[in-house]
Amino acid sequence: MSPEQARSFCADRCDAETISRFAEFVDMLASENERQNLVSSASLADAWTRHIADSLQLLDHVSRETSPWLDMGTGAGFPGLVIALARPELEVVLVESRKRRVEWLEEVCARFSLSKCRVVGSRLETIESFPAGVISARAFAPLAKLLRLSARFSTPTTTWLLPKGRSAAQELQEQSQAIQAMFHVEQSATDPEAAIIIGHGRPPES
Ligand SMILES: C[S@@+](CC[C@H](N)C(=O)[O-])C[C@H]1O[C@@H](n2cnc3c(N)ncnc32)[C@H](O)[C@@H]1O
């Protein structure tokens, strides 16, 4: 997806006010990236495709009111902060362990008055469980570890949205039959070589 296609993909899904929030966020990200290493310079040059549209596409896979949304290992903001910018009325919880990234996420939430978006600056393993409507994570951990760490936040109705790059099908194939039955793989809208692992429910204990 080209940068122009990415902007139009976002414009098809968001109003003009949201698009201008994204544009300001991309500018803020570029300045902050000079102070701390948030994203690679290659991905920053293509931020609308690699970060904004890539995160926003997850909304196509979940019903509109589903919340709270738990995003694990949010880093510079992907995908969870983009979801909060697109849908400020949703309760979104961003979990990130690195202090400077946490400060950055808090700064963006304050700038855009994202009062329903909570930044938790801790390791996921240490936070109290709550029932999540959506669990998302991009580039956080291999699938088996990710499920082990986060199953306790899921319920029978939780939607899982896990952008996984090229490894999606292979990672899913390596799981038990029960996990394979719970999830499926869909191609990413932003990158023909990448995919998203999508599922519903609570993974069985392994
Ligand atoms: C590779 S980065 C990906 C960031 C973002 N999700 C993205 O796709 O751009 C992984 C992030 O997860 C955070 N992280 C790793 N292990 C974590 C844990 N156990 N709890 C919370 N955050 C964690 C790291 O600090 C890092 O910011």
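Owing to the predicted nature of the structure, the values given are computational and were not obtained by experimental measurement.

What counts, and at which threshold
- Residues numbered from 1 in each chain as written.
- Predicted model: local features only at pLDDT ≥ 70, side-chain atom pairs only at ≥ 80, totals over all residues.
- Heavy atoms only, no water.
- Core = buried A, V, L, I, M, F, W, Y, C linked by side-chain atoms within 4.5 Å.
- Buried < 20%, exposed > 50% of the residue type's maximum accessible area, 1.4 Å probe, protein only.
- Phe/Tyr/Trp six-rings, centres within 6.5 Å; stacked < 30°, edge-to-face > 60°.
- Helix = DSSP H or I, 4+ residues; strand = E, 2+ residues; numbered from the N terminus.
- Pairing = 2+ DSSP bridges.
- Axes fitted to C-alpha atoms, helices over the stretch in contact; angles between N-to-C directions.
- Contact = heavy atoms within 4.5 Å.

In this structure, F22, F25, W69, L81 and W104 are the most contacted members of the largest nonpolar core, which totals 46 residues. If you look at the next biggest cluster of nonpolar residues, it comprises 26 residues, including F130, I135, L149 and M182.

Going through the model one piece at a time under the given rule, you end up with five aromatic pairs. With centroids separated by 6.2 Å and ring planes inclined at 80 degrees, the aromatic side chains of F22 and W48 adopt a geometry described as edge-to-face. With F22 in helix α2 (residues 16-35) and W48 in helix α4 (residues 47-56), this residue pair connects regions lying 26 residues apart in the sequence. With relative accessibility at 0%, the residue F22 sits in the buried group. Accessibility expressed as a relative area gives 7% for W48, which makes it buried. A centroid spacing of 5.5 Å and a plane angle of 65 degrees characterise the contact between F130 and F153, whose relative ring orientation is edge-to-face. With F130 in the loop between β3 (117-120) and β4 (134-136) and F153 in the loop between α7 (143-150) and β5 (159-165), this residue pair connects regions lying 23 residues apart in the sequence. Pair check on accessibility: F130 and F153 agree, each one buried.

Take the sheet that holds strand β2 (residues 92-95) next. The seven strands lie next to each other as β3-β2-β1-β4-β5-β7-β6, forming an open sheet whose pairing is mixed. Looking along the sheet, the strands with just one partner apiece sit at the ends: β3 and β6 (183-187). Mean inter-strand twist for the sheet, computed between neighbouring axes without regard to direction, equals 20 degrees. Note that β6 and strand β7 (residues 195-200) share five bridges and pair antiparallel. Within β7, the residue paired with E186 across the bridge is I196. With respect to the sheet, helix α6 (residues 99-111) is in contact with β2 and β3, its orientation differing from that of β3 by roughly 165 degrees. On the sheet, α7 packs against β1 (69-72), β4, β5, β6 and β7 and is oriented at approximately 150 degrees with respect to β5.

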